[in-house]
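Overview (structure and organization)
So you can see what is in the structure, the chains are spelled out below.
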Amino acid sequence: MARNKHPEETVNLILDVAFRLFMEKGYEHTSIQDIIDQLGGLSKGAIYHHFKSKEDILVAVTDRMTEESNKMLAVIRDRTDLTGKEKLKTLFMESVCRPVQDEIFTVAPDLGNNSRLFFSIFRETVEEVAPDYILPIIEQGISDGSIQTNYPAELAELIIFVANIWMNPMIFDDSVEATYHKFMVFRQMMQGFGLDIVDDELLARLQDLATIYQKNK
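Within each chain, residue numbers correspond to sequence positions counted from 1 in written order. Confidence filtering applies because this is a predicted model: local features only for residues at pLDDT of at least 70, side-chain atom pairs given and counted only at 80 or more, and all residues used for totals across whole chains, interfaces and linings. Only hydrogens and water are set aside; all other atoms, that is, all heavy atoms of the structure, feed into the side-chain values.

1. Quick notes on a negative patch on the surface
Residues forming no salt bridge and having over 30% relative accessible area are the ones grouped into patches, like charges within 9 Å of each other and nonpolar side chains (Val, Leu, Ile, Met, Phe, Trp, Tyr) within 5 Å. Surface accessibility in these figures is a Shrake-Rupley result with a 1.4 Å probe; residues are shielded only by whichever protein chains are displayed. Salt bridges, as used here, are contacts in which a Lys or Arg side-chain nitrogen is within 4 Å of a carboxyl oxygen on Asp or Glu. In summary, the charge assignment counts Lys and Arg as positive and Asp and Glu as negative, without counting His or the chain termini. A charged residue contributes its charge at one atom only: NZ of Lys, CZ of Arg, CG of Asp or CD of Glu. A cluster of acidic residues, Asp 63, Glu 127, Glu 128 and Asp 132, forms a negative patch at the surface. For the negative patch, the element with the highest residue contribution is helix 7 (residues 115-144), accounting for 3 residues. Numbered from the N terminus, helices here are DSSP runs of H or I no shorter than four residues, and strands are runs of E no shorter than two. Tracing the sequence through the fold places Glu 127 in helix 7.

What follows is the structure in structure tokens.
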């Protein structure tokens, strides 16, 4: 095989194919050979030149999935025209309104039966999103008076865990009705913290995503 003059293109191709297969078949049921078969003639050596294992591919896929989201979170976190409470509301709305959400929910991956991908997403949620993006917003809210809590780090973890994991129908395979009930509990929970950030528009969008998932699973 000729020397690859465009390694970045090769890596992106591998990740594109792996992402689609992980979503369609699940990580555990996708083999390296499955990925090779969709690479248009690239060899197994081409994959192992860039990735040591299928798990390394999974890490890269997850990193790429969250990179764009984290850029958006950083922009909201660093805005100077919003209170901490307003940032939380903006963060949730912009997160669920991203077009990529429709694509992910249309593919309808069953993360509950895709343990490696689920754990990778879970770890990123708790170890990066909560401390790097949600916590600074809550700390700002404490300073500006829009958020009241004595436990900002724990609240940051709770909010993002409930939003990204517990309410995610792709993990629990909840019906649209069951998912809606979880949304309402989340809304009540936020109100209990004095955070009236889950409005009817956000609830409608969350229902739309749950409906998309159930239609395509």
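There's more to say after this.
2. Remarks on the packing of helix 1 (residues 7-25) against helix 4 (residues 54-77)
Running from N to C, helix 1 and helix 4 point in directions that differ by 90°, and their axes come no closer than 10 Å. One way to sum up the angle between helix 1 and helix 4 is to call them roughly perpendicular. Residues Asn 12, Ile 14, Leu 15, Asp 16, Ala 18, Phe 19 and Phe 22 of helix 1 form the contact with helix 4, whose participating residues are Lys 54, Ile 57, Leu 58, Ala 60, Val 61, Arg 64 and Met 65. Throughout, the ten residues Ala, Val, Leu, Ile, Met, Phe, Trp, Tyr, Cys and Pro are labelled nonpolar, Asp, Glu, Lys and Arg are labelled charged, and all others, Gly among them, are labelled polar. The residue inventory of the contact of helix 1 with helix 4, partitioned by class, reads 10 nonpolar, 1 polar and 3 charged. In this description, a line fitted to the C-alpha atoms serves as the axis of each element, helices being fitted only across the stretch in contact, and the angle between N-to-C directions of two axes falls anywhere from 0 to 180 degrees. Roughly parallel means an angle under 35 degrees; roughly antiparallel means over 145; roughly perpendicular covers 65 to 115; every other angle is labelled oblique. When checking whether two residues touch, look at their non-hydrogen atoms; a contact exists if any pair is within 4.5 Å.

3. Overview of the nonpolar core
In this text, buried Ala, Val, Leu, Ile, Met, Phe, Trp, Tyr and Cys residues form a nonpolar core when linked through side-chain atoms within 4.5 Å. Relative accessibility decides the category of a residue: with a 1.4 Å probe and only protein chains considered, values under 20% of the type maximum give buried, values over 50% give exposed, and everything between is partly exposed. In terms of nonpolar packing, the biggest core is built from 64 residues, with Ile 35, Ile 47, Ile 57, Leu 88, Ile 134, Ile 159 and Phe 186 touching the most fellow members. Broken down by element, this core gets its largest block of residues, 9 residues, from helix 7. Beyond its immediate chain neighbours, meaning those up to four positions away, Ile 47 contacts Ile 14, Ile 32, Ile 35, Ile 36, Leu 39 and Ile 57.

4. Considerations on unusual backbone geometry
In most cases, non-glycine residues show a negative phi, while peptide bonds are predominantly trans. Notably, Asp 173 is not glycine yet its phi reads approximately 55°, a positive angle. Mapped onto the elements of the fold, Asp 173 is located in the loop between helix 9 (169-172) and helix 10 (176-192). By relative accessible area, Asp 173 is classed as partly exposed at 36%.

5. So, the layout of surface pockets
Grid spacing is 1 Å over the protein atoms alone, the probe is 1.4 Å, and a cavity is where that probe fits but cannot get out, while a pocket is an open set with protein on both sides within 12 Å along at least five of seven lines and lining residues have an atom within 4 Å of a point. Grid points are joined across faces, edges and corners, and a volume is the space filled by probe spheres set on the points. By volume, the largest pocket is sized at about 960 Å³. Taken together, 41 residues line the largest pocket, and the ones lying closest to its centre are Ser 69, Arg 98, Gln 101, Ile 104 and Asn 164. Per-element tally for the lining of the largest pocket: the top contributor is helix 4, with 8 residues.

6. Structural notes on the pattern of salt bridges
All chains considered together, the criterion is met by 8 salt bridges. For Arg 64, the salt bridge identified is with Asp 16, shortest N-O distance 2.6 Å. Here Asp 16 lies in helix 1 and Arg 64 lies in helix 4, a separation of 48 residues in the sequence. Accessibility expressed as a relative area gives 30% for Arg 64, which makes it partly exposed. Looking at Asp 16, the relative accessible area reads 42%, which means it is partly exposed. With its nearest N and O atoms 3.1 Å apart, the salt bridge here joins Arg 187 to Asp 200. Here the residue Arg 187 occupies a position in helix 10, and Asp 200 occupies one in helix 11 (residues 200-216), the gap between them amounting to 13 residues. On the basis of relative accessibility, which here comes to 18%, the residue Arg 187 falls in the buried class.

7. A short note on the environment of Thr 125
Note on placement: Thr 125 falls in helix 7. When the C-alpha positions of Thr 125 and Ala 153 are compared, they lie 13 Å apart, and in sequence the two are 28 residues distant. Apart from residues no more than four positions distant in its own chain, Thr 125 is found in contact with Ala 130, Ile 160 and Asn 164.

8. Describing the side chain of Thr 149
Mapping Thr 149 onto the fold places it in the loop between helix 7 and helix 8 (152-166). With relative accessibility at 18%, the residue Thr 149 sits in the buried group. At 3.0 Å, the side chain of Thr 149 and the backbone nitrogen of Tyr 151 are in polar contact. Thr 149 has contacts with Ile 138, Ile 142 and Leu 155, leaving out every residue within four places of it along the chain. Each polar contact in these results corresponds to two N or O atoms within 3.5 Å; when the atoms are within protein, one needs to be able to donate a hydrogen and the other to accept it, and residues that are neighboring in sequence are counted only if both atoms are side-chain atoms.

9. Considering helix 10
Take the residue count of a helix, subtract one, and multiply by 1.5 Å to get its expected span. Taking 1.5 Å per residue as the helical rise, helix 10 with its 17 residues ought to reach 24 Å, and the 24 Å between its terminal C-alpha atoms agrees with that figure. Within helix 10 the residues assigned to the buried category are Thr 179, Lys 182, Phe 183, Phe 186, Arg 187 and Met 190. Along helix 10, the residues classed as buried sweep out an arc of 145° about the axis, all on the same side. In helix 10, the exposed positions angled more than 90 degrees off the buried face are occupied by Glu 177, Gln 188 and Gly 192. Just past helix 10, the residue Gly 194 takes up positive phi, approximately 75°. It is the directions from the helix axis to the C-beta atoms that the arc portrays.

From the geometry alone we can't say anything about function, so treat these as descriptive.
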